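Given next are the chains, with one letter for each unit.
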Amino acid sequence: MRFILHYLGHYKKLILINICSVFGFALVELGIPTIVANMIDVGVMNQDPGYIYQMGLLIVVISVVGVGGTILLGYCSAKISTSITRDIRNDVFDKIQTFSHTEFNRFGISSLITRTNNDAFQIQLFVNVILRTALLTPVMLGLSVFLTIRTSLELSAILAGTFPIIILGVVLVAWMSHPISQKQQKSLDGLNRISRENLTGIRVIRAFNNDAYEETRFNETNDAYTDHSKKIFKLMSLTQPVFFCLMNIAMMLIFWVASTKIDAGTLQIGKLVAFMDYLFHAMLSMMLFCSVFIMYPRAEVSAGRIKEILDTDPLIKNPEEGIHVQRNMQELAFNHVSFVYPDGEEKVLDDISFTAKKGDMIAFIGSTGSGKSTLINLIPRFYDVSCGSITIDGIDIRNFDLSVLRDKIGFIPQKANLFTGTIADNIRFGNRNASDEEMKHSADVAQAAEFINNKPLKYDDLITESGTNVSGGQKQRLSIARAIVHHPQIYIFDDSFSALDFKTDAILRNRLKAETGDAIVLIVAQRVSSIMDASQIIVLNEGRMVGKGTHQELLKACPIYYEIAASQLTKEELGNA
Ligand SMILES: Nc1ncnc2c1ncn2[C@@H]1O[C@H](COP(=O)(O)OP(=O)(O)OP(=O)(O)O)[C@@H](O)[C@H]1O
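What you see is a predicted model; the values in this text were computed from it and never measured. Along each chain, the written sequence defines residue order, and numbers are assigned to residues from 1. Whole-chain, interface and lining totals are the exception, using all residues; otherwise, since this is a predicted model, local features are given only for residues with pLDDT of at least 70 and side-chain atom pairs are given and counted only at 80 or more.

Section: the overall build of the protein chain
Secondary structure follows DSSP: runs of H or I at least 4 residues long count as helices, runs of E at least 2 residues long count as strands, and numbering of each begins at the N terminus. Counting secondary structure elements, the protein chain contains 21 helices and 12 strands. For a compact globule the rule gives 2.2 Å times the number of residues to the power 0.38, and the radius of gyration it is set against comes from C-alpha atoms. For the protein chain, the C-alpha radius of gyration of 36 Å lies well beyond 25 Å, the compact-globule estimate for 577 residues. Projected onto the principal axes, the alpha-carbon positions of the protein chain cover approximately 120 × 50 × 45 Å. Split into buried and exposed, the 577 residues of the protein chain put 35% on the buried side. Placing a C-beta atom from the backbone of each residue, one calls two residues in contact when those atoms lie within 7 Å. Partitioning the contacts of the protein chain with sequence separation of at least 6, the portion at a separation of at least 24 is 79%. Counting other C-beta atoms within 10 Å of a residue's C-beta gives its exposure: the residue is buried at 20 or more, exposed at 12 or fewer, and partly exposed in between, where C-beta atoms are placed from the backbone.

Right, here's the structure in full:
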């Protein structure tokens, strides 16, 4: 609740208006029965039409005020609840932006999406109900109880017997629904995860004829979610019939006692009418208050899940006084770097040292799982080294402001990621201020210009979600263009030429050489032909550096490299080397 109150605190003025309209609304609701009672007891009994007209007019005025109050109440509660949900979503999104890969792995993407959307929505529903009813009901309840006691103490005693039973029932329901709400939100995470996996992996599922299996998996999770939801709804729906049953019993008793009092002449009919109206409002307020109370555990679970994100301390932190100076860098060095994944036990990289100077092209080669991607992921600090250090011009990269460090880097990932938008938008993702010429030039260097120019709208052609309307090679070329337009000081290509044909690969590397100039170029590659002219090739095997040198040096000195080269090059090519 403190979490919700913290966000509500940003809207004090609106809450004040909300509270005023609540009081106004309650006064109107309870004022009308009082006027009606007077109308009957004074106007009708004394046959005074003037008094009746006066009271009638008062009821009309009060009703109009009541309508105004209701509209204002609805407006304020809707504005506050939607605004605080927007604030929560913004804060969660901002926090997620600071997460390192470790936190992403810990929460899981689907759970992060559920928490940002569904859990925030649960809070919105709850806050809306609080503002509409939780503030109104105590006021209405208090006033109704006061007025019933004032009208008839004896009849009010009957009410007193039913209230404790209702309160006890509500507390019990709230207590029982808390663990079910937790399970419900967790199963929603699962449901979102399976939906996501199914939709993104639909081709693989169909190709392997696994539609039925996936359907069963989805149905099982969906059933679990439905079961939890049903349990909660059942619990909640139990409260209403019990409540109405109690209310009917109380009303029967009241009518019975009231009829004997009217017979005895100690109670007027108008008072009884007003009493029943107060009773109705008291019961209604009680019921609305109970529904808020029952919704609370669900909102509490959602608030807890959101708070868990907001309270998470990311493993990779931006140093408080990080270095901001943008110098023309001279060298990048790995100094005895070892690395263990936060959720792993064994070293994935072990004692890696090398230096890349301005203008150097360093290539990494090695078998699958040898640690190539892990190594280059340490440079933009997707993870931090476990031992040793990575330095730029002798300064540990952990001392740089993160955005300054990342600004130096043009990262082309193994799996090219495109975003919904035009081709131009996707290239300009690397540099929002790039001119048309710069943007087109980088597409040309990346060998993307030809296929772009064949598109009906050229650079304005739309890329669909996840880039499904371009081929794997075209995606790679666009993500290379995106890095080129950024003009980085360090290019990192993580096996980024794998989807290109040999001819395009060769032309692209030639054009890149001229483009990258003084920048340091780091290339992870599977093809020896892509890296033969690198200044240094580093051979990795099970996380250890087993060779370092030029292509020719390694052919002579590193058996693993020779083996890789021999499996890809002709005898002549090997011999020439
Ligand atoms: N997030 C992670 N958590 C734990 N272990 C990981 C994680 N990512 C990779 N690994 C492990 O680290 C090792 C090195 O993986 P990495 O992706 O760096 O290899 P690679 O040489 O790039 O392989 P490939 O050529 O297949 O891309 C592998 O054993 C892999 O299982």
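Things to note about the environment of S479
If you trace the backbone, S479 turns up in helix α16 (residues 472-484). Residue classification places S479 among the buried residues on the basis of 26 C-beta atoms within 10 Å. Residues S479 and A274, 205 residues apart in the sequence, show an inter-C-alpha distance of 75 Å. Here S479 is in contact with I412, A416 and N417, once residues within four sequence places are set aside.

Looking at the site of the ligand
The immediate surroundings of the ligand are formed by Y341, D343, G344, V348, G366, T368, G369, S370, G371, K372, S373 and T374. Element by element, the count of residues in the shell around the ligand is highest for helix α11 (residues 372-377), at three residues. Ten residues, namely Ala, Val, Leu, Ile, Met, Phe, Trp, Tyr, Cys and Pro, are considered nonpolar, four, namely Asp, Glu, Lys and Arg, are considered charged, and the remaining ones, Gly among them, are considered polar. Residues belonging to the shell around the ligand are distributed by class as follows: two nonpolar, eight polar and two charged. Using the backbone to place each C-beta atom, any residue with that atom within 6 Å of a molecule or strand is considered near it.

Quick look at the domain arrangement of the protein chain
Reported domain spans reflect what an automatic or database domain assignment gives. Along its sequence, the protein chain is organised into domain 1 (2-310) and domain 2 (323-408 + 491-500 + 526-577). Spacing between the C-alpha centres of domain 1 and domain 2 amounts to 59 Å. Its residues assigned to classes, the side of domain 1 that touches domain 2 shows no nonpolar, four polar and no charged.

Some words on the packing of helix α3 (residues 49-97) against helix α10 (residues 269-310)
Axis separation between α3 and α10 bottoms out at 9 Å; the angle between their running directions is 35°. By crossing handedness, the relation of α3 to α10 is classed as left-handed. Residue-level inspection shows I88, D91, V92, K95 and I96 of α3 in contact with α10, the latter providing I306, I309 and L310. Fitted lines through C-alpha atoms give the axes, limited to the stretch in contact for helices. The angle between two N-to-C directions lies from 0 to 180 degrees. We call a crossing left-handed when the near helix sits turned anticlockwise from the far one by less than a right angle, and right-handed when that turn is clockwise.

Concerning the nonpolar core
In a soluble, globular protein the nonpolar side chains are often hidden away together inside. Only buried Ala, Val, Leu, Ile, Met, Phe, Trp, Tyr and Cys residues enter a nonpolar core, and they are joined through C-beta atoms within 7 Å. Formed by 71 residues in total, the largest nonpolar core has its most connected members in A363, I427, A481, I490, I492, L522 and I523. In contact with I490, not counting residues within four places along its chain, are L332, I379, K408, I409, A519, I520 and L522. Of all hydrophobic cores here, the second largest spans 53 residues; its members include A26, I123, L147 and A258.

Digging into the pairing of strand β11 (residues 536-541)
Of all six residues making up β11, five are buried, and the element is well covered by its neighbours. Two strands qualify as a pair provided that DSSP identifies no fewer than 2 bridges between them. Bridge count between strand β3 (residues 361-366) and β11: five bridges; the pairing is parallel. Looking at the pairing, I365 lines up with V539 of β11. The sheet contact formed by β11 and strand β12 (residues 544-549) spans five bridges and is antiparallel. Residue pairing across strands places N541 opposite R544, the latter belonging to β12.

Digging into the packing of helix α7 (residues 153-200) against helix α9 (residues 211-263)
Direction vectors running N to C along α7 and α9 enclose 170°, while the axes themselves pass 9 Å from each other. Judged on the interaxial angle alone, α9 and α7 are roughly antiparallel. Taken together, the residues of the contact of α7 with α9 sort by class into 25 nonpolar, 13 polar and five charged. Oblique is the label for every angle not falling under 35 degrees (roughly parallel), over 145 degrees (roughly antiparallel), or within 65 to 115 degrees (roughly perpendicular).

Quick notes on the confidence of the model for the protein chain
In this model, the protein chain carries a mean pLDDT of 85, and residues with pLDDT of at least 70 account for 99%. The complex prediction reports pTM at 0.73, with the ipTM value standing at 0.96. One number per residue, pLDDT, summarises how confident the predictor is, and it ranges from 0 to 100.

What to know about the environment of I202
Along the chain, I202 turns up in helix α8 (residues 202-207). As for I202 and S466, which are separated by 264 residues in sequence, their C-alpha atoms are 13 Å apart.

Observations concerning helix α14 (residues 436-445)
Of all the positions in α14, only M439, K440, S442, A443 and V445 are classed as buried. Two residues or fewer past α14, Q447 is found with a positive phi of approximately 60°.

With respect to the environment of G9
Looking at the secondary structure, you find G9 in the loop between α1 (2-8) and α2 (12-44). Overall, the presence of 10 C-beta atoms within 10 Å leaves G9 in the exposed class. Taking the C-alpha atoms as reference points, G9 and I84, separated by 75 residues in sequence, lie 9.6 Å from one another.

A closer look at unusual backbone geometry
Unlike most non-glycine residues, Q47 shows phi in positive territory, near 50°. Along the chain, Q47 turns up in the loop between α2 and α3. The class of Q47 is exposed, set by 8 C-beta atoms lying within 10 Å.

What about α10?
Residues spaced three or four apart along an α-helix face the same direction, because each turn holds 3.6 residues. How far a helix is expected to stretch is found by multiplying one less than its residue total by 1.5 Å. Between its first and last C-alpha atoms α10 spans 59 Å; for 42 residues at 1.5 Å apiece the expected length is 62 Å, and the two agree. Bend at a residue means the angle formed by two fitted axes: the first through the 7 residues ending at that position, the second through the 7 residues beginning there. Along its length, α10 shows its largest kink, about 30°, at Y296, and proline P297 lies within four residues downstream of that point.

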